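Now for the letters of each chain:
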Amino acid sequence: MGCSSCATGKDGLPRGCKNNGTCGTDGCNKLTVFDWLSNMALPAGEERFDCVEVRFKNSRKEYFRNPDNLTLSIGDVVATEAAPGHDVGIVTLTGELVKVQMKKRKVDWNEETLPKVYRKASQKDINIWHDSRDKEPAVQKKSRELALALGLQMKLSDVEFQGDGSKATFYYTAEERVDFRQLIKDMAREFGIRIEMRQIGYRQEASRLGGIGSCGRELCCSTWLTDFRSVNTASARYQQLSLNPQKLAGQCGKLKCCLNYELDAYLDALKEFPEQDVKLKTQKGLAACQKIDIFKGLMWFCYLDEPSAWHKLTVQQVNEIIDLSKKRKPVASLEEYAAELLEDDQKDATYENVVGQDSLTRFDKPKKGRGKKRKKRPRNNNRKKSKNG
């Protein structure tokens, strides 16, 4: 992601704020929230909300109480309470909007057990935090080797060190239950830290790791999507999409979340359509539906005896034919309705030169000829005579 003050330079790092994605506007981070209340003053006598939102690695966000009324703003690095020790994170939201976010995530701000913000992180805290983050790739590689040596059917997708370097959380995915007690002992002996194993789903794994989707943009789950609703193949059927798992599946291996975005619009449009398995009764014979175009309001029918000949009808025409058949007044054939629609299409398809550019090849360069043909020279008969003489 990139915000207005954090453009990407040639080296791949942000060149605007020079903070490697942790700028003051928090526009470079995952699941960022725009603080639209930042420029508004509180009413007289109203105290500032004493909780802040702190972001840690990837999309993990937690809420902490600010008991000492520290002057915190977006982008500040703070030391927060953890069990045990302390953690280091970046403030992403302050003020009244934090209350809205806590209510959305069902976090009670009146709880006494809510963790606290200790202080703004010192340079020593930041150095330990950076050293711990630098160890994560090597620790992840070694932990995968230990899991393979034990023959465990699990995938360690991410490792997150605590800010003080005393604890590491390993995120993994598995289809079945995994007994990793021996793995924890081996990792604790190898790394000398406290180990916590946390199982996540495939969608949560994709949201933590991030990536680029088939649309060319960053994954929705890693940028703004927080709730993972169930997606089934019925969403694709309603939208007349091909049931190709390679195209419908996202990077998590599940159906794409964006299949639900336009589903309501399709369902509203389908209310005017009859059932696709309906048969149209005509004097010529029964006709079955072969294809529909939802937003254009078109349906294609063919006779059961002539499956190769399709007739295009509008939804209103189909409903009219169905009503007539219910009244036992079947129409003669579908060709009459299809002919009316074809005449309307031909009227709409008339070309009008509204721009004044008639020639479609006006920008084409004329082809160059191969050049003038050479004139044939007359034969020199005198030369032949001299040779014969």
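Residues numbered from 1 in each chain as written. Predicted model: local features only at pLDDT ≥ 70, side-chain atom pairs only at ≥ 80, totals over all residues. Heavy atoms only, no water.

Student: Can you tell me about the sheet that holds strand E5 (residues 117-120), naming the residues and giving the values?
Tutor: Overall, antiparallel pairing links the five strands, which are arranged E2-E1-E4-E3-E5 in an open sheet. Since the sheet does not close on itself, it has two edges, and those belong to strand E2 (61-65) and E5, each with one partner. Geometrically, the sheet is characterised by an average inter-axis angle of 45° between neighbouring strands, direction not taken into account. In the packing of helix H1 (residues 97-104) onto the sheet, contacts are made with strand E1 (51-55), E2 and strand E4 (86-93), and the angle to E1 comes to roughly 70°. Contacts from helix H2 (residues 123-149) reach strand E3 (77-81), E4 and E5 within the one sheet, and its direction differs from that of E4 by about 100°. (Pairing = 2+ DSSP bridges. Helix = DSSP H or I, 4+ residues; strand = E, 2+ residues; numbered from the N terminus. Axes fitted to C-alpha atoms, helices over the stretch in contact; angles between N-to-C directions. Contact = heavy atoms within 4.5 Å.)

Student: How would you summarise the sheet that holds strand E8 (residues 194-199) if you had to cite specific residues and measurements?
Tutor: Sheets are built from strands that pair by backbone hydrogen bonding, the pairs being arranged parallel or antiparallel. Sheet architecture is open: three strands sit in the order E6-E7-E8, paired in mixed fashion. Where the open sheet ends on each side, the last strands, each with one partner, are strand E6 (155-161) and E8. Averaged over neighbouring strand pairs, the angle between their axes works out to 25° when direction is ignored. Pairing between E6 and strand E7 (residues 167-173): six bridges, direction antiparallel.

Student: Pulling in residues and values, what's your account of the pairing of E8?
Tutor: Across six bridges, E7 lies against E8 in parallel orientation. Bridge pairing links Tyr172 to Gln199 in E8. Note on the crossover from E7 through helix H3 (residues 181-191) to E8: the handedness is right-handed. (Right-handed = clockwise from strand over helix to strand, strands pointing away.)

Student: I'd like a rundown of the pattern of salt bridges, residues and numbers included.
Tutor: The tally for this structure, following the rule as stated, stands at 22 salt bridges. Glu136 is the salt-bridge partner of Arg133, the closest N and O atoms lying 3.6 Å from each other. Here the residue Arg133 and the residue Glu136 both occupy positions in helix H2, the gap between them amounting to three residues, near one helical turn. Taking relative accessible area as the criterion, Arg133 reaches 31% and is therefore assigned partly exposed. The salt bridge partner of Arg208 is Asp158, with a shortest N-O separation of 2.9 Å. On the criterion of sequence distance, the pair formed by Arg208 in helix H4 (residues 202-209) and Asp158 in strand E6 is long-range, its members being 50 residues apart. The structure contains a network of salt bridges with shared partners spanning Lys57, Arg60, Glu62, Asp87, Arg133, Glu136, Asp158, Glu160 and Arg208. (Salt bridge = Lys/Arg side-chain N within 4 Å of Asp/Glu carboxyl O. Buried < 20%, exposed > 50% of the residue type's maximum accessible area, 1.4 Å probe, protein only.)

Student: Tell me about H1, residues and numbers included.
Tutor: Turning to H1, its buried residues are Leu97, Val98, Gln101 and Met102. Looking straight down H1, one finds that the buried residues subtend no more than 140° of arc, so they occupy a single side. Looking at the buried positions of H1, the neighbouring elements they touch are E1, E2 and E4. Positive phi shows up at Lys106, right after H1, with a value of about 60°. (Arc of directions from axis to C-beta.)

Student: Describe the packing of H2 against H3, listing the residues and the values that go with them.
Tutor: Relative to each other, H2 and H3 sit at 140°, their axes nearing to 10 Å. With respect to H3, the axis of H2 lies oblique. As for the relative orientation of H2 and H3, their crossing is right-handed in sense. Along the contact surface, H2 presents Val139, Lys142, Ser143, Leu146 and Ala147, while H3 presents Leu183, Asp186, Met187, Glu190 and Phe191. Of the residues in the contact of H2 with H3, the class split is six nonpolar, one polar and three charged. (Parallel < 35°, antiparallel > 145°, perpendicular 65-115°, else oblique. Left-handed = near helix turned anticlockwise from the far one by under 90°. Nonpolar A, V, L, I, M, F, W, Y, C, P; charged D, E, K, R; others polar.)

Student: Quick rundown of the packing of aromatic side chains? Include the residues and the values.
Tutor: Under the counting rule described, the total for this entry stands at six aromatic pairs. Measuring from centroid to centroid gives 6.0 Å for Trp224 and Tyr261, while their planes differ by 40°, and the two rings are tilted. Linking Trp224 in the loop between helix H5 (220-223) and helix H6 (233-238) with Tyr261 in the loop between helix H7 (245-248) and helix H8 (263-270), this pair joins segments that are 37 residues apart in sequence. Under the relative-accessibility criterion, Tyr261 is labelled partly exposed at 40%. Judged by centre distance (4.7 Å) and plane angle (70°), the ring pair of Tyr266 and Phe295 falls under edge-to-face. Of this pair, Tyr266 sits in helix H8 while Phe295 is found in the loop between strand E10 (286-293) and strand E11 (298-303), placing the two residues 29 residues apart along the sequence. We classify Tyr266 as buried; its relative accessible area is 14%. (Phe/Tyr/Trp six-rings, centres within 6.5 Å; stacked < 30°, edge-to-face > 60°.)

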